[in-house]
Amino acid sequence: DGLFMNMLSRPCRMMLLVNPQSGKGQALTLYNNHIQRMLNEAGIPHTLVITELAEPRPRAGEGETDLSQWDALVIMSGDGLLFEVINGLLERPDWEEAIRIPLGILPGGSGNALAASIHHYAGASPVSSEELLISCGFLLCKGLVSHMDLVSIHVSSSPRLFSFLSLAWGFVADVDIESEKYRHVGAARFTVGTLVRLASLRVYKGKLAYLPAAEEGLGNKVTQQCSNQASSQGPVSLLRRPSRDSPCQNTFHNSCHSNNSFKVRRTEGTPSLSATKALTGPPNTLLLPLDQPLPSDWVVVQEEDFVLVLAMYQSHLAEDLLAAPDATLDDGVIHLFYVRAGISRTSLLKLFLAMEKGAHLATNCQHLVHTKVRALRLEPHSPKGIITVDGEVVEYGPVQAEVHRGLARLITG
Ligand code: ADP
Ligand code: MG
C-alpha cells in the first residue's frame, strides 16, 4: 500500500498478548477492569494470550503462530515484550509479510515509552498509569494504522537486532538496568534509579560517530519500505526470547525453515556485514562492518568523555520522560543526544526534571548535544559496561545502528 495511514479491517481479528508479570504484575487485572470491556464495546473480537515466563529455548509448539489468521497483534506489557515480538517477526522467513501486521501497544509494564509516545502523537496532554492505558485503549479501538521506523542494531558477535525505541549507553543505560529492582513501584522506578545513579555519577569513555540526517525539505532518502511480495506462511514462532543475562546466546530457532520459498534479498552494492548473518530483515545500506573505518561522510564527535549517549526514535524514553520532543513515528530520523563529561550533578538532575515536559533542550545546557542522524557508531573504550536497546541489555562493545524508515506498522488511533 502506498498509503501513509489506513484503518484496521472490520471485523478485526486481534491477538492480544498480556504479560501477567510485567510492571507491578497487574496487567491481567488491568485487562479485566478496562480493556476487555472497551474492545467488546468497540466490537473488536480478540483472543487473549497470556505470555509465559521467558525461557532460553521455547518449548516445541510454543508461540507458533500462523499470522494470516490475524489482523492485528497487540501487546499489553512493557516495551520489552514488543521488542521480542518485533524481533521475532523479523527473524521469520516470511519477515517481509510478517512485519506488515499492524501492531498495537497497551501500557502494562514499568517501561511504557512507546505507549506514552503514541498518546503524545495523538496530541493529548500527558497522563500516566491507568489514564495512559485508557487513552491507548481508545486509540486502539479507533484502529488507525501508521508506519513506524525501526532501527537495526549491530554488535560485534551477536545477530543483528531491531529496535523501535532507543539505544543507550552510560547514565541512561545504567539507570534502566539498575532500576529493574524497583519495578514494583512501576514507572517511578526510573526516578528512583536516576537519583541513585546521580550519587555515583561517572564518566564513560568512548568514540561516537554518525551520519547526519539530510536537512528537512531536501528529501530525506527513504531507506526501506516493505514490499508487497508474497511469501508462503508456515507456522513459525512469533516471539524471540532473548536471555537477559547472555544476549550472545540468542537462538535463531525460527530462521531456518527449509521448506519455505523465501529468498534473501540483497541490494547490489550493499556492503556485506562480516560479523552479522543478516538472513532475514531488510538490508543495510549505510553501514560498513564494525571492524572497518567509518565511511568518509560520517561525522566523528571530538569529545571522548561522556556522561550519556542516547539515540531515540520515538518521543518518550519513559512515561514521564519526553526525551525527543520533535520525534514522530516515521520521520526516518535517529534523534541522537549526548551529554559531555564535566556536567555537574545539579545540572544533570535539572536536565532530567526538564525532560518531563520535554524542556531540556531549551535549558541551554552547554553539555547537552542533540543532533539528527540516520546512522551511528559507538565504540566504548572500557572493557565492561551496559548498552541497552529498547531498555533491554545487549552485547557490550562496539555497536552501530541504521534507521529503516516506516518498516513496521503500528495502531496509533
Ligand atoms: P516491564 O516494563 O515491566 O519490564 P516488559 O514488557 O519489558 O515489562 O517485560 C518483558 C519481559 O517479561 C520479557 O523479557 C518477557 O520475556 C518476560 N515475560 C513474558 N511473560 C512472562 C511471564 N509470564 N513471567 C515472567 N516474565 C515474562
Ligand atoms: Mg522491560
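Fair warning: this is a prediction, and the values are worked out from it, not measured in the lab.

Definitions and cut-offs
Residues numbered from 1 in each chain as written. Chains lettered and ligands numbered in written order. Predicted model: local features only at pLDDT ≥ 70, side-chain atom pairs only at ≥ 80, totals over all residues. Heavy atoms only, no water. Helix = DSSP H or I, 4+ residues; strand = E, 2+ residues; numbered from the N terminus. Buried < 20%, exposed > 50% of the residue type's maximum accessible area, 1.4 Å probe, protein only. Contact = heavy atoms within 4.5 Å. Areas by Shrake-Rupley, 256 points an atom, 1.4 Å probe, with all protein chains shown as cover. Axes fitted to C-alpha atoms, helices over the stretch in contact; angles between N-to-C directions. Parallel < 35°, antiparallel > 145°, perpendicular 65-115°, else oblique. Left-handed = near helix turned anticlockwise from the far one by under 90°. Phe/Tyr/Trp six-rings, centres within 6.5 Å; stacked < 30°, edge-to-face > 60°. Core = buried A, V, L, I, M, F, W, Y, C linked by side-chain atoms within 4.5 Å. Near = heavy atom within 4 Å. Polar contact = N/O pair within 3.5 Å; in protein donor to acceptor, adjacent residues only side chain to side chain. Nonpolar A, V, L, I, M, F, W, Y, C, P; charged D, E, K, R; others polar.

K.L.:
Give me the overall build of the protein chain: which residues, what numbers.
P.N.:
In terms of helices and strands, the protein chain carries 8 helices and 18 strands. The proportion of buried residues among the 413 residues of the protein chain is 57%. Summarising the internal contacts of the protein chain: among those between residues at least 6 apart in sequence, 79% fall at separations of at least 24. By element, 54% of the accessible surface of the protein chain is carried by carbon and sulfur atoms, the whole surface being about 17200 Å².

K.L.:
Tell me about the packing of helix α6 (residues 171–178) against helix α7 (residues 189–199), and name the residues and values.
P.N.:
At a minimum axis separation of 9 Å, α6 and α7 run at an interaxial angle of 120 degrees. The angle between the axes of α6 and α7 places the two elements in the oblique class. In terms of crossing hand, the pair formed by α6 and α7 is right-handed. Taking contact as the criterion, the partners of F171, D174, V175, D176 and E178 in α6 are, on α7, R189, F190, G193, T194, R197 and L198.

K.L.:
Can you lay out the environment of L103 for me, pointing to particular residues and giving the numbers?
P.N.:
With respect to the helices, strands and loops of the structure, L103 is situated in strand β6 (residues 103–107). When sequence neighbours within four positions are dropped, the list of residues in contact with L103 reads L73, L82, V85, I86, L89, R409, L410 and I411.

K.L.:
Kindly report on the packing of aromatic side chains, identifying the contributing residues and their values.
P.N.:
Applying the stated criterion across every chain, the model contains 4 aromatic pairs. Relative to Y204, the ring of W169 has its centre 5.9 Å away and its plane inclined at 65 degrees; by these criteria the two rings are edge-to-face. With W169 in strand β9 (residues 166–170) and Y204 in strand β10 (residues 204–212), this pair connects stretches of sequence that are 35 residues apart. No difference in accessibility class separates W169 from Y204, as the two residues are buried. Ring centres of F306 and Y338 lie 5.5 Å apart, and the angle between their planes is 90 degrees; on these two criteria the pair is classed as edge-to-face. Of this pair, F306 sits in strand β13 (residues 305–312) while Y338 sits in strand β14 (residues 334–340), and the two are 32 residues apart along the sequence. For the pair F306 and Y338, one class covers both residues: buried.

K.L.:
Break down the nonpolar core for me, with residues and values.
P.N.:
I86, L150 and L167 are the most contacted members of the largest nonpolar core, which totals 85 residues. Those residues in contact with I86 that sit more than four places away from it in its chain are I99, L103, M148, L150, F162 and F164. If you look at the next biggest cluster of nonpolar residues, it comprises 26 residues, including V175, F190, L308 and L368.

K.L.:
Lay out the site of ligand 1 with the relevant residues and their values.
P.N.:
Taken together, 20 residues are adjacent to ligand 1, and G23, T51, S77, G78 and R183 come closest. Contact distances for ligand 1 include 3.0 Å between a nitrogen atom and a backbone N or O atom of E52. Contacts to ligand 1 include G80, whose backbone N or O atom sits 3.0 Å from an oxygen atom. Surface burial for ligand 1 is 90%, taken as the share of its 580 Å² of free accessible area covered by protein chains. Partitioned by chemical class, the residues of the shell around ligand 1 number 4 nonpolar, 11 polar and 5 charged.

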